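Now for the letters of each chain:
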Amino acid sequence: MPLLHRLTRTDTTPLPFTLDGIPREGRAGDTLLTAILTQAEALRRNEFSGAPRAGFCQMGACQDCWVELESGERLRACTTPLVAGMRIVTKTGGSL
């Protein structure tokens, strides 16, 4: 079940993206954090403990919301806008 549920902005342009190989849909103006958490119960798993993570500071100051693109590029989910066609990878050995 998704961690977040969209209450507003349902009339904005849908943006397709891929999350861990599964086609998903966000909205124009979403950050990666918003797009991911409206589709999944966690942003990623902690690389040390395996605990679910959902971002911490929400403003790009901490290191809690890093995700990767399939290309290997690392992005901060809380400050990076969703772009149509992004191929986001959050699973790096554990599962959400």
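Just so it is clear, the model here is predicted, and its values are computed rather than measured. (Residues numbered from 1 in each chain as written. Predicted model: local features only at pLDDT ≥ 70, side-chain atom pairs only at ≥ 80, totals over all residues. Heavy atoms only, no water.)

**Student:** Account for the overall build of the protein, with residues named and values stated.
**Tutor:** A count of helical and extended segments in the protein gives 1 helix and 7 strands. Here the protein holds 96 residues, and the buried ones make up 34% of them. Within the protein, residue pairs in contact and separated by at least 24 positions form 42% of the contacts whose partners lie at least 6 positions apart. Approximately 5600 Å² of the protein is accessible, and the part contributed by carbon and sulfur atoms is 55%. (Helix = DSSP H or I, 4+ residues; strand = E, 2+ residues; numbered from the N terminus. Buried < 20%, exposed > 50% of the residue type's maximum accessible area, 1.4 Å probe, protein only. Contact = heavy atoms within 4.5 Å. Areas by Shrake-Rupley, 256 points an atom, 1.4 Å probe, with all protein chains shown as cover.)

**Student:** Describe the nonpolar core, and please don't skip the residues or the numbers.
**Tutor:** Soluble, globular proteins show a tendency: their nonpolar side chains are buried together. Counting 19 residues, the largest nonpolar core has Leu32, Ile36, Leu43, Leu82, Met86 and Ile88 as the members making the most contacts within it. Here this core gets 5 residues from one element, more than from any other, and that element is helix H1 (residues 32-37). (Core = buried A, V, L, I, M, F, W, Y, C linked by side-chain atoms within 4.5 Å.)

**Student:** Give a description of the packing of aromatic side chains that names residues and reports values.
**Tutor:** Scanning all chains against the criterion turns up 0 aromatic pairs. Sitting above the plane of the Trp66 ring, Arg74 keeps its charged end 4.6 Å from the centroid. (Phe/Tyr/Trp six-rings, centres within 6.5 Å; stacked < 30°, edge-to-face > 60°. Lys NZ or Arg CZ within 6 Å of the ring centre and 35° of its normal.)

**Student:** Any chance you could break down the sheet that holds strand E2 (residues 22-27) for me, citing the residues and the numbers?
**Tutor:** Strands belonging to one sheet form pairs held by backbone hydrogen bonds; the direction of such a pair is parallel or antiparallel. Taken together, 5 strands build an open sheet; the order of strands is E2-E1-E7-E5-E6 and the sheet is mixed. The sheet is open, and its two borders are formed by E2 and strand E6 (74-76), each paired with just one other strand. The average undirected angle you get between the axes of adjacent strands in this sheet is 40°. Sheet analysis places strand E5 (residues 66-69) next to E6, joined by 3 bridges and oriented antiparallel. Within E6, the position partnered with Val67 by the bridge is Leu75. (Pairing = 2+ DSSP bridges. Axes fitted to C-alpha atoms, helices over the stretch in contact; angles between N-to-C directions.)

**Student:** So what about the pattern of salt bridges? Which residues, and what values?
**Tutor:** Scanning the entire structure with this criterion turns up 3 salt bridges. In this structure, Arg44 engages Asp64 in a salt bridge whose closest nitrogen and oxygen atoms are separated by 3.7 Å. Of this pair, Arg44 sits in strand E3 (residues 44-45) while Asp64 sits in the loop between strand E4 (52-53) and E5, and the two are 20 residues apart along the sequence. With relative accessibility at 9%, the residue Asp64 sits in the buried group. (Salt bridge = Lys/Arg side-chain N within 4 Å of Asp/Glu carboxyl O.)

**Student:** A description of the pairing of E2 should follow, citing residues and the corresponding values.
**Tutor:** Here 6 bridges tie strand E1 (residues 14-19) to E2, and the two strands are oriented antiparallel to one another. Looking across to E2, one finds that Pro16 is bridged to Glu25. Between E1 and E2, which pair antiparallel in sequence order, lie 2 residues; one of them, Asp20, sits at a positive phi of approximately 55°.

**Student:** Which residues make up the pairing of E5, and what values do they have?
**Tutor:** On E5, burial follows the alternation: Val67 and Leu69 on one face are buried, whereas Trp66 and Glu68 on the facing-out side are not. Hairpin connection from E5 to E6: 4 residues lie between these consecutive antiparallel strands, with Gly72 at a positive phi of about 100°. The pairing of E5 with strand E7 (residues 87-89) spans 2 bridges and is antiparallel. Across the sheet, the residue bridging to Glu68 is Val89, located in E7.

Function cannot be inferred from these measures alone, as they are strictly geometric.
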